[in-house]
Amino acid sequence: MNKIIKKEFLSEQVFRMVVSAPRIALRRKPGHFVIVRPTAEGERIPLTISDADPKEGTITLIAQKVGVTTHKLASLNEGDYVQDIVGPLGNATNIRKVGTVLCAGGGVGVAPLYPIVDGMKKAGNRVITVLAARNKDLILYEKEMRAISDEVIVMTDDGSSGRKGLVTQGMEEVIQREHVDEAVVIGPAIMMKFAALTTAKYNIPTLASLNTIMVDGTGMCGACRWTVGGKTRFVCVDGPEFDAHQIDFDEILKRLGAYKEEERKAFEAYQQKNA
Amino acid sequence: MEENIYTIERSAPWRETLRKSMKASERTSIERVVMPAQAPDVRNRNNQEVNAGLSEEQAVREAARCLDCANPTCVTGCPVGVHIPSFVKCIEARDFQGAARVLKQTNTLPSVCGRVCPQEVQCESKCFYVQKMQKPAVAIGNLERFAADFERLSGKAELPEKAPANGIKVAVVGSGPSGLAAAGDMIKNGYDVTVFEALHEIGGVLKYGIPEFRLPNAVVDAEIETLRRLGVKFETDFLVGKTATLDDLREEGFKAFYISSGAGLPNFMGIPGENLIGVFSSNEYLTRVNLMGAASDERDTPILRGRTVMVVGGGNTAMDSVRTAKRMGAEKAMIVYRRSMDEMPARKEEIQHAMEEGIEFNCLLNPVECLADEKGHVKQVRVQKMELGEPDASGRRRPQPIAGSEYLIDVDLVIMSIGVSPNPLIPRSVEGLAISRKGTIEVDPETMQSSIPDIFAGGDIVRGGATVILAMGDGRRGAAGVMRYLSQK
């Protein structure tokens, strides 16, 4: 059981929670995630750790309300307890000085991206961050990212904030302007797919962090497997970060929808019960 | 270890009297009692236990078959060294509680073993009836289950004797059968035992793997409760190597470790289409149903149901998966296995039960490709007929594909049950730990000690995929190894 210290909504659907998890706070590094089970009847879902305070013994989680599990998590308040949190899981990002790093975050992808930007900057890199979303309200962490990036470019589909256009346009602009040594892209699978295609054109080594369906998260169930470089890999123990140019994103897009129908029905039932 | 001499001594007066109370010829003329079970067409639609357990009368009659041999060969077939004739004779004498007491001297989880041990290839295969008389063995497993259940249901479960606390902290990593067996032996000897479990529930494969209809969770929980009452501490949501490293735990005062983190990564065949939606590993399928309760509307974890379900493999896990799929509403649930029925590694009882429940067996058949519908969901499997050639390294005849024999089978779900590889997390997180080519932890087979003196290991992380009872046997040897190491330090 982990106590919720602080909870706030960053947009209508996206919320941030600071929860007590002293051991995880001590050991987590950029790239790590946790498995969360909000309630005793709940499902186990992976969430990335966007920040931690080892002194206070807390970690920060950011999630978007999508289905039953994330709604249940969002319905918990400060002082309540999350049933289970286990971690830190996965492999930490390989943070080192490479020169210029282009970081692109879409939607809630900025949550796992934030500690990577922070780490890359602290390692002495020039870090340029591109944040993208459908509209102004869905651009998250802009202020926080500005505080730790050399430059932040905001892209929105409707032009309500920053410039009108897709994440790939923002990325191309930087790549054409200056030499980029490495890219990190995190966001919805479709966004990562096109971001990876963009950097592939310029032969820029690119990392993508995969957020998959998981059950145990510790290398036991195989739910998180995908094809990377023609081989089946497990996101929980081999990832979550992979060479973005080796990932079969089309397979990911399909696999993420594995329970779409079941999830829709469950969510309708949940809404009726809580109406 | 101090044994309770009175109960296990063959020469005890009560036992001599009991032996003489019936002629050997009378004993051997009793037919082996058949385990009562739910009818196949009823049980394949519910999740309740298949076997109902022996009644007191049935148990006493079965126990009377045992000749109480002067040299009981059955014991040599038991990985944890249960005093078999002693507990069986207690049952014949109607001291059921005493029988449970004998069992618990050497076995931390008797009601589990009585259900899931492959007795037919262990103790029962060494029974005098089998060895010398070509008759069915004394039903040792069924009797073990009877005695353990009797005690549990009596509400008077006794705690095994415990040595005074010595204040020495030891850690067990993983709460499956091997870890629980090790914890049981160490707590009884006065050690301060903490079991670390990565999942949110204690029990490991006993909870996430073995289905309710073969091993009810309540049975597992009762055994865990006994350990808790003995003083074992359990930490869930704690992944050793990640949540804390062994070095962290050493700093926190743990003097030795028994690692039983189990078999991890499920194996896949490496065929095209294996990552389609609707293709599962057994581990995932069973975990969703057993641990996460996906079959219940009250629980949030989803599961895909299928009218036609194909399970690939022939082991106990394959049987558990295919029988679970049937209970989840499959009209047709089938096994596809590349060798013949004779080579199937699953217990005969499980195969028998599966057949009775209407499971289809397709042997000498191997999948070569999974095909998708337009949504990326598996809809067909291309299979290939096989024939048996010369024996391979395992001694079993090697299956070889028959050219031109491929055909398609329509399916809604495919469950791959072709084994697991060791969980890589611990081996990766401990520097200097000797690891085999297969990824298992290398240990001295007698003491279970690894290449690092304070680390011991056993169960599937050492064996790479075996049975509950072998894991428990490792746990007992590992506990003895840990205790010897600590007493010599």
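About the thresholds
Residues numbered from 1 in each chain as written. Chains lettered and ligands numbered in written order. Predicted model: local features only at pLDDT ≥ 70, side-chain atom pairs only at ≥ 80, totals over all residues. Heavy atoms only, no water. Helix = DSSP H or I, 4+ residues; strand = E, 2+ residues; numbered from the N terminus. Rg over C-alpha atoms; globule rule 2.2 N^0.38 Å. Buried < 20%, exposed > 50% of the residue type's maximum accessible area, 1.4 Å probe, protein only. Contact = heavy atoms within 4.5 Å. Areas by Shrake-Rupley, 256 points an atom, 1.4 Å probe, with all protein chains shown as cover. Lys, Arg positive; Asp, Glu negative; His and termini not counted. Charge placed at Lys NZ, Arg CZ, Asp CG, Glu CD. Phe/Tyr/Trp six-rings, centres within 6.5 Å; stacked < 30°, edge-to-face > 60°. Buried area = accessible area lost by both parts, 1.4 Å probe. Salt bridge = Lys/Arg side-chain N within 4 Å of Asp/Glu carboxyl O. Polar contact = N/O pair within 3.5 Å; in protein donor to acceptor, adjacent residues only side chain to side chain. Nonpolar A, V, L, I, M, F, W, Y, C, P; charged D, E, K, R; others polar. Axes fitted to C-alpha atoms, helices over the stretch in contact; angles between N-to-C directions. Parallel < 35°, antiparallel > 145°, perpendicular 65-115°, else oblique. Pairing = 2+ DSSP bridges. Disulfide = S-S within 2.5 Å. pLDDT = per-residue confidence, 0-100. Core = buried A, V, L, I, M, F, W, Y, C linked by side-chain atoms within 4.5 Å. Domains from an automatic or database assignment.

For chain A, the count of helices and strands is nine helices and 16 strands. For chain A, whose C-alpha radius of gyration is 18 Å, the value lies close to the compact-globule estimate of 19 Å for 275 residues. Across its three principal axes, chain A shows a C-alpha extent of roughly 50 × 40 × 35 Å. Buried residues in chain A amount to 59% of all 275 residues. Of the contacts made within chain A by residues no fewer than 6 positions apart, 66% connect residues no fewer than 24 positions apart. Working note: accessible area of chain A is about 11400 Å², and carbon and sulfur atoms make up 49% of it. Separation of charge centres in chain A, based on 36 positive and 34 negative side chains, amounts to 2 Å.

Attention now moves to unusual backbone geometry. For residues that are not glycine, phi is negative in most cases, and the peptide bond is trans in most cases. Cis geometry is found at the peptide bond from A:Gly87 to A:Pro88, where omega equals -5°. Examined against the element boundaries, A:Pro88 turns out to sit in strand β7 (residues 84-89). Cis peptide bonds are those with omega within 30 degrees of zero, and the linkage from A:Gly239 to A:Pro240 qualifies with 10°. Note that A:Pro240 resides in the loop between α7 (235-238) and β16 (241-243). A positive phi angle, close to 65°, is found at B:Arg94, a residue other than glycine. Inspection of the secondary structure assignment puts B:Arg94 in the loop between α6 (84-92) and α7 (96-106). Positioned with a positive phi, B:Met448 is a non-glycine residue whose angle comes to about 65°. In this structure, B:Met448 sits in the loop between α18 (425-429) and β16 (455-457).

Let us now look at the packing of aromatic side chains. Considering all chains together, one arrives at 11 aromatic pairs over all chains under this definition. Look at A:Phe9 and A:Phe15: their rings are 5.8 Å apart centre to centre, the planes differ by 55°, and that puts the pair in the tilted class. For A:Phe9, a relative accessible area of 39% translates into the label partly exposed. Since its relative accessible area comes to 1%, A:Phe15 is described here as buried. Pairwise contacts between aromatic rings join B:Phe96, B:Phe146 and B:Phe150 into one cluster.

Moving on: the interface of chain A and chain B. Where interface size is given, it is often the accessible area lost as the parts come together that is meant. With 44 residues of chain A in contact, the opposing surface of chain B contributes 43 residues. Buried area between chain A and chain B, both sides added, is near 3600 Å², and the carbon and sulfur share of it is 53%. Three residues, A:Arg23, A:Met220 and A:Tyr259, lead the burial of chain A against chain B; their summed loss comes to 20% of the area buried on that side. One can count three salt bridges joining chain A with chain B. Linking chain A to chain B there are 19 residue pairs in polar contact (both at pLDDT 80 or more). Of all the elements in the fold, those that place two or more residues in the side of chain A that touches chain B are α1 (22-27), α2 (68-75), β7, β14 (225-228), β15 (231-234), α7 and α8 (249-256) of chain A. Counting residues per element, the side of chain A that touches chain B draws most heavily on β7(A), at six residues. Here the residues of the side of chain A that touches chain B are counted per class, giving 16 nonpolar, 13 polar and 15 charged.

What follows is about the packing of α6(B) against α7(B). Residue and element names in this part refer to chain B. One way to put it is that α6 packs onto α7 with a least axis distance of 7 Å and a crossing angle of 170°. When the axes of α6 and α7 are compared, the pair comes out roughly antiparallel. When α6 is examined against α7, the residues Ser86, Phe87, Cys90 and Ile91 are found in contact with a partner set consisting of Phe96, Gly98, Ala99, Val102 and Leu103. For the contact of α6 with α7, the residue count by class is seven nonpolar, two polar and no charged.

This part covers the sheet that holds strand β8 (residues 332-337) of chain B. Strand pairing in a sheet relies on backbone hydrogen bonds. The paired strands run either parallel or antiparallel. All names here are of chain B. On the basis of which strands lie adjacent, the open sheet formed by five strands has the order β6-β14-β7-β8-β9 and parallel pairing. Looking along the sheet, the strands with just one partner apiece sit at the ends: β6 (279-281) and β9 (360-363). Within the sheet, the average angular offset between the axes of one strand and its neighbour, ignoring direction, is 20°. Two strands pair when backbone bridges link them, and strand β7 (residues 308-312) and strand β14 (residues 413-416) are joined in this way by four bridges, in the parallel orientation. Opposite Val312, over in β14, you have Met416 as the bridge partner. Against the sheet, helix α15 (residues 282-291) touches β6 and β14, its axis set at about 85° to β6. Against the sheet, helix α16 (residues 316-327) engages β7, β8, β9 and β14, with an angle of about 165° to β8.

Residues and elements named next belong to chain A. Taken together, seven strands build an open sheet; the order of strands is β11-β10-β9-β8-β12-β13-β16 and the sheet is mixed. A strand with exactly one partner marks an edge of an open sheet, and here the two such strands are β11 (163-164) and β16. Here strand β10 (residues 151-156) runs beside β11; their pairing, made up of two bridges, is parallel. Counted as the bridge partner of Thr156 is Lys164 from β11.

Taken as a whole and assessed by the stated rule, the structure comprises 62 salt bridges over all chains. In this structure, the salt-bridge partner of A:Asp118 is A:Lys122, at a minimum N-O distance of 3.0 Å. Of this pair, A:Asp118 and A:Lys122 both sit in helix α3 (residues 110-122), four residues apart, which is roughly one turn of that helix. Of the charged contacts, one joins B:Glu124 and B:Arg32 as a salt bridge, the two residues approaching to 3.0 Å between their closest N and O atoms. Residue B:Glu124 is located in the loop between α8 (110-116) and α9 (128-133), and its partner B:Arg32 is located in the loop between α3 (24-29) and α4 (40-43); the two are separated by 92 residues in the primary sequence.

Per the counting criterion, the structure on display carries zero disulfides over all chains. Of the cysteine sulfurs around A:Cys224, a residue in no disulfide, the closest is that of A:Cys236, at 3.8 Å.

Predicted coordinates in areas of low pLDDT are best not read in detail. All names here are of chain B. Summarising the model, chain B shows a mean pLDDT of 93, and 99% of its residues fall at 70 or more. Residue range residues 1-6 is modelled with pLDDT below 50. Its contacts to residues more than four positions away, or to other chains, number nine contacts. Across the interfaces of the predicted complex, the ipTM metric reaches 0.92, alongside a pTM of 0.92.

A few words now on the nonpolar core. The biggest cluster of nonpolar side chains holds 68 residues, and the ones touching the most others in it are B:Ile84, B:Phe87, B:Ile91, B:Leu143, B:Met186, B:Val193 and B:Leu206. Among the elements that take part in this core, helix α20 (residues 468-488) of chain B stands out by supplying eight residues, more than any other. Each of domain 1 (2-37 + 44-154) and domain 2 (169-264 + 422-488) of chain B contributes no fewer than three residues to this core. Excluding anything up to four places from it in sequence, B:Val193 contacts B:Val170, B:Val172, B:Ala183, B:Met186, B:Ile187, B:Gly231, B:Val232 and B:Lys233. Formed by 60 residues, the second largest nonpolar core is a distinct cluster that contains A:Val167, A:Met192, A:Cys224 and B:Leu276.

The next thing to look at is the domain arrangement of chain A. All names here are of chain A. Once the domains are mapped, chain A shows domain 1 (2-89) and domain 2 (100-256). Here domain 1 and domain 2 have C-alpha centroids that lie 21 Å from each other. Tallying the contact residues gives 20 residues for domain 1 and 21 residues for domain 2. Each partner contributes to the roughly 1600 Å² buried at the junction of domain 1 and domain 2, and carbon and sulfur atoms together form 65% of this total. The interface formed by domain 1 and domain 2 contains three residue pairs in polar contact (both at pLDDT 80 or more).

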